[in-house]
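The lines below spell out each chain.
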Amino acid sequence: MDEAKINMQSDSGLPAGKVASTDIAIVGGGMVGAALAALLAHAEPDWSITLLEAFPLPDDHAPAYQPSYDDRSTAIAHGSVLLLQQVGVWAQLREYATAIEQVHVSDKGHLGGTLIDRHQVGVDALGYVIPNAWIGRVLIQHLRTLPNVTLVSPAHVRQLKPVADGAELIVEMAGQQSVVHTQLAVIADGAQSALRASLGIDVDRKDYQQTAIVTNISLSQPHQGVAYERFTDEGPMAMLPLGGSVEGCTSALVWTQPKALADEVLALSDEAFLSRLQQRFGFRLGPLTGVGKRDSYALQLSVAKEQVRSSVVVMGNAAHFLHPVAGQGFNLALRDCAALAATLKPAGDRPLGQLALLQQYLKQQALDQQATIHFSDQLTRLFSSSGLPQAALRGLGFVGLECVPPAKQWLAMQTMGNASRQVVL
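A brief look at the structure comes next.

What counts and how
Residues numbered from 1 in each chain as written. Predicted model: local features only at pLDDT ≥ 70, side-chain atom pairs only at ≥ 80, totals over all residues. Heavy atoms only, no water. Helix = DSSP H or I, 4+ residues; strand = E, 2+ residues; numbered from the N terminus. Buried < 20%, exposed > 50% of the residue type's maximum accessible area, 1.4 Å probe, protein only. Core = buried A, V, L, I, M, F, W, Y, C linked by side-chain atoms within 4.5 Å. Contact = heavy atoms within 4.5 Å. Axes fitted to C-alpha atoms, helices over the stretch in contact; angles between N-to-C directions. Parallel < 35°, antiparallel > 145°, perpendicular 65-115°, else oblique. Left-handed = near helix turned anticlockwise from the far one by under 90°. Pairing = 2+ DSSP bridges.

As a further point, take the overall build of the chain. Summing up its helical and strand segments, the chain has 12 helices and 22 strands in all. Burial analysis of the chain (425 residues in total) assigns 57% to the buried set.

Next comes the structure, spelled out in structure tokens:
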């Protein structure tokens, strides 16, 4: 086959019947894949970066964005904001971001609780809550302005083959197949990644026997920028502030249910759903007045047994999929992306897919990954039981946080995504 350089700076097709070349190919154009492309392009403008996404990407010419009551949202930690500022997208993301002024943690039916306030740690906000659709739109718009990034969609990567000087991707578009040769292939296509499985990369899984119900809730009073983590005998729930300001009267709900109860709760009428939620959450936000479209997904911890091979990196949910209890998943993935970009930046003439280089990245991120995964898993296990020993430990833990300032400071740093080293590109 003839070789062709992928056309830069635009959404692009691939030359059928030819081998297209790029320095870095990212499979998966979701929030992690798009953020990685932005961080890599910022780290080294001379790299050619190709983002391959199976679904059509957001259109720049679509009507003006309007936040939807049914939008799913993500909590962006303070540490992640610093990374997004580096690549120049935070100012636009901030337009529909709601600042988290406080995080209130409580345990239903038991004494104790703790409050983390932004003033205690000297920041403007502990984090921000942003609709996923807006995050995706801003990132893709930004990538379209970068001369060394090409977006290819809808494109299905059917196969990844290691070759002597990198990797080859077999890509199908509109029924035609093309080949993309790359120094480094990044697999970022989600927790159920077929591409990861095709390479024989196994996953350690822990099934929590829980289902997350995700929706938006209308409030009778402003949330005042408070994020609530509420632990119950059925499992944890989170209520995250939305609406763009502390005066917003909408919160994003993540409500963990045992698998056996999830279908029953999903089938409730809006009135019955709100009544049940009110009983579990309480009246900290006043009477709950409305509920949006409800979605659900099964909860498990999954961690890839391999994250790097020669010319291959596994990232995002394909590398580690966490329980949403502490809002750590995307923020950890973003730190991984920044660490990979920082590791590759001084590569010089070395191939970007050199195994020693990729192992160096993983070694640098290992402690952050292990600590964050352990933090999320232990919270889930400790706060998903109504048993007396666990309840007593929770109570002691809350008391300890209030009485021992360093412990509370550590929790604040972990929640804000600042417990690990900060990467500067």
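Read on, since the account is not over.
Moving on to the nonpolar core. Generally speaking, a soluble globular protein has its nonpolar side chains buried in company with each other. Ile24, Ile26, Leu40, Leu93, Ile130, Leu143 and Leu344 are the most contacted members of the largest nonpolar core, which has 60 residues in total. Per-element tally for this core: the top contributor is helix α1 (residues 31-43), with 11 residues. Ignoring anything within four residues of it in the chain, the contact list for Leu143 reads Ala34, Ala37, Ala38, Leu51, Val149 and Leu151. Ranked by size, the runner-up nonpolar core spans 27 residues in total, among them Val121, Leu126, Phe375 and Leu379.

Bringing the packing of α1 against helix α9 (residues 329-344) into the picture now. Orientation of α1 relative to α9, taken along the N-to-C sense of each, is 30°, at an axis distance of 9 Å. If you check the angle between α1 and α9, you find them roughly parallel. Like other packed secondary-structure pairs, α1 and α9 cross with a definite hand, here right-handed. Residues Met31, Val32, Ala35, Leu36, Leu39, Leu40 and Ala43 of α1 lie in contact with α9, whose contacting residues are Phe330, Ala333, Leu334, Cys337, Ala338, Leu340, Ala341 and Leu344.

The next subject is the sheet that holds strand β6 (residues 98-100). Spatially, β5-β9-β6 is the arrangement adopted by the 3 strands of the open sheet, whose pairing is antiparallel. Edge positions in the sheet fall to β5 (73-77) and β6, since each has one partner strand and no second. Averaged over all adjacent pairs, the angle separating strand axes in this sheet is 30°, with direction ignored. As judged from the 3 bridges shared by β6 and strand β9 (residues 127-131), these two strands associate in the antiparallel manner. Bridge pairing in β9 places Ala99 opposite Tyr128. On top of the sheet, helix α5 (residues 132-144) reaches β5 and β9; it is set at about 85° to β9, its chief contact.

Such coordinate-based values are descriptive only and should not be taken to indicate function.
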